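Report on the structure
Chain residues, written in single-letter form:
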Amino acid sequence: ITAFPFSESFNNTAMPACWSQANVSGGLLWTFDTANGNGSITPRTGSHMAQFANDTSGSKTKLVTPPLDLTAISSPQLEFYYANVNWFGDIDELRVFYKTSFSSPWVQIGQDYIVEKTSWTKITLALPNPSATYYVAFEGTSNWARGLNLDDVTISAALSAAGFDSKALTIYPNPTCIWQ
């Protein structure tokens with residue numbers, strides 16, 4: 001992937017083109033569904049979302065982006081939405097990783113997302129050490145809950161300014177006519 005922003009909304013029942021899965025333990029894979037285990041979470045946008053859910057504990061699998069060439073992006077960032085509804089106190093877990101080549105080790109970024117989120121929660125993370133072959137992985141851990149849900153993944157350049165100072169704005173010609 002060389003064109004940014006890059007977005008994925010998981011709007012099919014099949015794995016998105018060029019994405020992959022890396023099983024860490026257990027045999028569970030990510031699926032692309034229309035609702036979580038009790039129907040309380042549905043896709044944030046579109047018809048489907050990525051889901052990691054099982055009726056046992058301990059399965060762990062990474063959902064991996066296609067290789068990304070981040071060398072032309074200034075301050076690359078990852079934005080995504082997730083939810084993880086509990087089942088009698090059990091909560092599925094999410095961790096986010098990156099690596100800078102196919103053979104390099106995975107490095108975690110962000111925190112462990114292990115607190116229940118009953119609605120879509122937006123996360124934005126800076127992507128460190130940009131390279132020409134960069135991967136991002138969403139690692140789901142099954143803890144017999146209602147499912148870990150992921151939607152609307154975007155990789156883009158971070159905005160150069162955190163805010164906008166309207167007092168510094170100049171409009172020409174001055175005076176400016178605004179028609180109502």
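So, a few notes on the structure that sits alongside this text.

Conventions and cut-offs
Counting of residues starts from 1 at the beginning of each chain's written sequence and follows it residue by residue. Totals for whole chains, interfaces and linings use all residues, but because this is a predicted model, local features are given only for residues with pLDDT of at least 70 and pairs of side-chain atoms are given and counted only at 80 or more. Calculation of side-chain values draws on the structure's entire complement of heavy atoms; hydrogens and water are dropped beforehand. By definition, any uninterrupted DSSP run of H or I lasting at least four residues is a helix, any uninterrupted run of E lasting at least two residues is a strand, and each is numbered from the N terminus. Relative accessibility thresholds used throughout: buried, under 20% of the residue-type maximum; exposed, over 50%; partly exposed, between the two (1.4 Å probe, protein chains only). Here, two residues are considered to be in contact whenever any of their heavy atoms come within 4.5 Å of each other. All accessibility values rest on the Shrake-Rupley procedure with a 1.4 Å probe; residue burial counts only the protein chains present in the view. Ring pairs shown here join Phe, Tyr and Trp side chains whose ring centres sit within 6.5 Å, with only the six-membered ring taken for Trp; geometry is labelled stacked below 30 degrees between planes, edge-to-face above 60, and tilted in between. Should the NZ of a Lys or the CZ of an Arg lie within 6 Å of a ring centre and within 35 degrees of the ring normal, that charge is described as sitting over the ring. Between any two strands, pairing holds if DSSP finds at least two bridges. To define axes, lines are fitted to C-alpha atoms, for helices over the stretch in contact only, and angles between the resulting N-to-C directions are given on a 0 to 180 degree scale. We count a salt bridge whenever a side-chain nitrogen from Lys or Arg sits within 4 Å of a carboxyl oxygen from Asp or Glu. Residues belong to a common nonpolar core when they are buried Ala, Val, Leu, Ile, Met, Phe, Trp, Tyr or Cys residues joined through side-chain atoms within 4.5 Å.

With that settled, consider the overall build of the chain. Along the backbone of the chain there are 0 helices and 11 strands. Taken from the N to the C terminus, the helices and strands of the chain come in the order β-β-β-β-β-β-β-β-β-β-β. With 180 residues in all, the chain has 41% of them scored as buried. Summarising the internal contacts of the chain: among those between residues at least 6 apart in sequence, 77% fall at separations of at least 24. Carbon together with sulfur atoms contributes 54% to the accessible area of the chain, which is approximately 9,600 Å² in total.

The omega torsion of the bond from F4 to P5 falls at 10°, within 30 degrees of zero and hence cis. Look at C18: it is not a glycine, yet its phi comes out positive at around 70°. Relative to the helices and strands, C18 resides in the loop between strand 1 (6-8) and strand 2 (20-25).

With that out of the way, let us pick up the packing of aromatic side chains. Counted by the stated rule, this structure contains 10 aromatic pairs. Every member of this aromatic cluster is reached through a ring pair, and the members are F80, Y82, Y113 and F138. Over the ring of Y81 we find R44; its NZ or CZ atom is 3.6 Å from the centre of that ring. Stacked on the ring of F102, the Lys or Arg K99 has its end atom at 5.2 Å from the ring centre.

Time to look at the sheet that holds strand 5 (residues 57-64). Strand order across the open sheet formed by 5 strands is 2-5-10-7-8, with antiparallel pairing between neighbours. Edge positions in the sheet fall to strand 2 and strand 8 (107-113), since each of these pairs with one other strand and no more. The sheet shows a mean angle of 20° between the axes of neighbouring strands, direction not considered. The sheet contact formed by strand 7 (residues 93-99) and strand 10 (residues 135-143) spans 7 bridges and is antiparallel.

Under the counting rule described, the total for this entry stands at 5 salt bridges. With its nearest N and O atoms 2.6 Å apart, the salt bridge here joins R44 to D152. Taken together, the residues span a long stretch of sequence, with R44 in the loop between strand 3 (31-33) and strand 4 (49-52) and D152 in strand 11 (residues 148-157) at a distance of 108 residues. The class for R44 is partly exposed, based on a relative accessible area of 36%. Classification of D152 by relative accessible area gives buried; the value is 9%. A salt bridge links R95 to D112; its shortest N-O distance comes to 3.1 Å. Residue R95 is located in strand 7, and its partner D112 is located in strand 8; the two are separated by 17 residues in the primary sequence. Among the residues examined, R95 registers a relative accessible area of 14% and is labelled buried. Its relative accessible area of 34% is what places D112 among the partly exposed residues. By sharing partners, the salt bridges in this structure join E93, R95 and D112 into a single network.

Formed by 30 residues in total, the largest nonpolar core has its most connected members in L63, L78, F80, V96, V136, F138 and L150. Put simply, the parts of the chain that give this core at least two residues each are strand 4, strand 6 (76-84), strand 7, strand 8, strand 9 (117-126), strand 10 and strand 11. Here this core takes 4 residues from strand 11, the largest share from any one element. Beyond its immediate chain neighbours, meaning those up to four positions away, F80 contacts L94, V96, Y113, T121, K122, I123, L125, F138, L150, D151, D152 and V153.

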